[in-house]
Amino acid sequence: MRRLPPLGSIEAFVQVARLGSIKAAAEELALSAPALSRRVQSLERFIARPLFARRHQAMVLNEDGERLLRQIAPVLDQLSDAVEAMSAGSELLRLRLGVLPLFAAQRLFPHLGALRKAHPELHLDIDTAGHGVARLGEGLDAVIALARDIDPSLYAKRFDRNSVYVIGTRAVAEGPRPITRPEQLSDVTALLHREMPDTMQAWSMAAGLGPLKPLAVDLFDSGGLMLEAVAQGLGVAFMHASHFEHANDPRLVRLFPEIEVESPYSHWFVCRPRALQSKPVKLFHDWLFALLEKDRAG
């Protein structure tokens, strides 16, 4: 049998290839950046050729790297499936689902009891870390992603469109110095989600302001914490209508309700095409879209 490189070096290569960054890949694998770099270099030494073009802090696959990734990705999927099949009981179905925390809290968890009643054999491992789409096949079976669009090589089904709201506190809207004109937003701190960095400018351009330059921009990776930050008077948030409506928080108000702006971002169900053939993914996919259709009809 031919000698193979360590599985850890292959895993490191795949994560760097998909995320394009040593730092991001190291965070995903719970390694230090130097340790992950050594694993990638070990694989490059094993095959006696470089796999990446190193550009400052970015790592871009070269031609050899792209060819290797295409060849080993299906094999890694098969290995993951084999281990999953051996570790799971014959009657237990397990779905490893990536989802953003706010979506999980507002729109998924209120219905999980109904899912369990409909499919008691289906169990979910919930992962709220970032870079979900990049980790498909590497710890995740499916992802509910918030994105402009999805890589066409993946299976993706959009399940909503949304409007961008400017959300503030009642004091901001009704206090002694209320914000009543969009131009006043240049004097406040804007709160943005890292997964939706373009919401502010999309709203600003549609409102006829041109590029908005607020006092400061604070970034969050949690929608729930963004809403709480607004409630505590730390700024105004550019978020989706569904986030505001499902929060139902009396401390919050929508500013400028007369301005309707379609968001450039949507929620998508995403998985690898072959994953849709697996029973856990198919069950959850069909249940989720039936639930969404029922909500729209009701």
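Before reading on, note that the structure itself is shown above.
Thresholds applied
- Residues numbered from 1 in each chain as written.
- Predicted model: local features only at pLDDT ≥ 70, side-chain atom pairs only at ≥ 80, totals over all residues.
- Heavy atoms only, no water.
- Buried < 20%, exposed > 50% of the residue type's maximum accessible area, 1.4 Å probe, protein only.
- Helix = DSSP H or I, 4+ residues; strand = E, 2+ residues; numbered from the N terminus.
- Pairing = 2+ DSSP bridges.
- Core = buried A, V, L, I, M, F, W, Y, C linked by side-chain atoms within 4.5 Å.
- Contact = heavy atoms within 4.5 Å.
- Expected span 1.5 Å × (residues − 1).
- Salt bridge = Lys/Arg side-chain N within 4 Å of Asp/Glu carboxyl O.
- Phe/Tyr/Trp six-rings, centres within 6.5 Å; stacked < 30°, edge-to-face > 60°.
- Lys NZ or Arg CZ within 6 Å of the ring centre and 35° of its normal.

A. Focus on the pairing of strand S12 (residues 266–271). Counting buried positions along S12 yields six of six residues, so the element is predominantly enclosed. Side chains of S12 alternate between two faces, with Ser266, Trp268 and Val270 and His267, Phe269 and Cys271 buried alike. Note that strand S5 (residues 142–147) and S12 share six bridges and pair antiparallel. Directly across from Ile144, in S12, lies its bridge partner Phe269.

B. Looking closely at the nonpolar core. Residues Ile144, Phe159, Phe269, Phe284 and Leu288 are the most contacted members of the largest nonpolar core, which totals 25 residues. At the level of secondary structure, the elements contributing two or more residues to this core comprise strand S3 (93–99), helix H5 (101–108), helix H6 (112–118), S5, S12 and helix H11 (279–297). A per-element tally of this core places H11 first, with eight residues. If we ignore the near neighbours within four places in the chain, the residues touching Phe269 are Ala142, Val143, Tyr155, Ala156, Lys157, Phe159, Leu276, Val281, Phe284, His285, Leu288 and Phe289. One finds Val14, Leu29, Leu36 and Leu69 within the second-largest nonpolar core, a separate group that totals 24 residues.

C. View of H11. With 19 residues, H11 extends 27 Å from end C-alpha to end C-alpha; this agrees with the ideal 27 Å at 1.5 Å per step. What H11 keeps buried is the set Pro280, Val281, Leu283, Phe284, His285, Trp287, Leu288, Phe289, Leu291 and Leu292.

D. Just the pattern of salt bridges, in detail. As enumerated under the stated definition, the model contains 15 salt bridges in all. Residues Arg49 and Asp64 are paired through a salt bridge, measuring 3.6 Å at the closest nitrogen-oxygen approach. Residue Arg49 is found in the loop between helix H3 (33–47) and strand S1 (52–55), and its partner Asp64 is found in helix H4 (residues 63–87); the two are separated by 15 residues along the sequence. A relative accessible area of 39% means that Arg49 is categorised as partly exposed. Its relative accessible area of 23% is what places Asp64 among the partly exposed residues. Each of Arg49, Asp64 and Arg67 takes part in salt bridges that share partners, so that together they form one network.

E. Representation of the packing of aromatic side chains. All chains considered together, the criterion is met by nine aromatic pairs. What links up through ring pairs into an aromatic cluster is the set Phe103, Phe159, Phe269, Phe284, Trp287 and Phe289. The side chain of Arg148 reaches across the aromatic face of Tyr265, ending 5.4 Å from its centre. Positioned above the aromatic ring of Tyr165 is the side chain of Arg254, whose terminal nitrogen or guanidinium carbon lies 3.7 Å from the ring centre.

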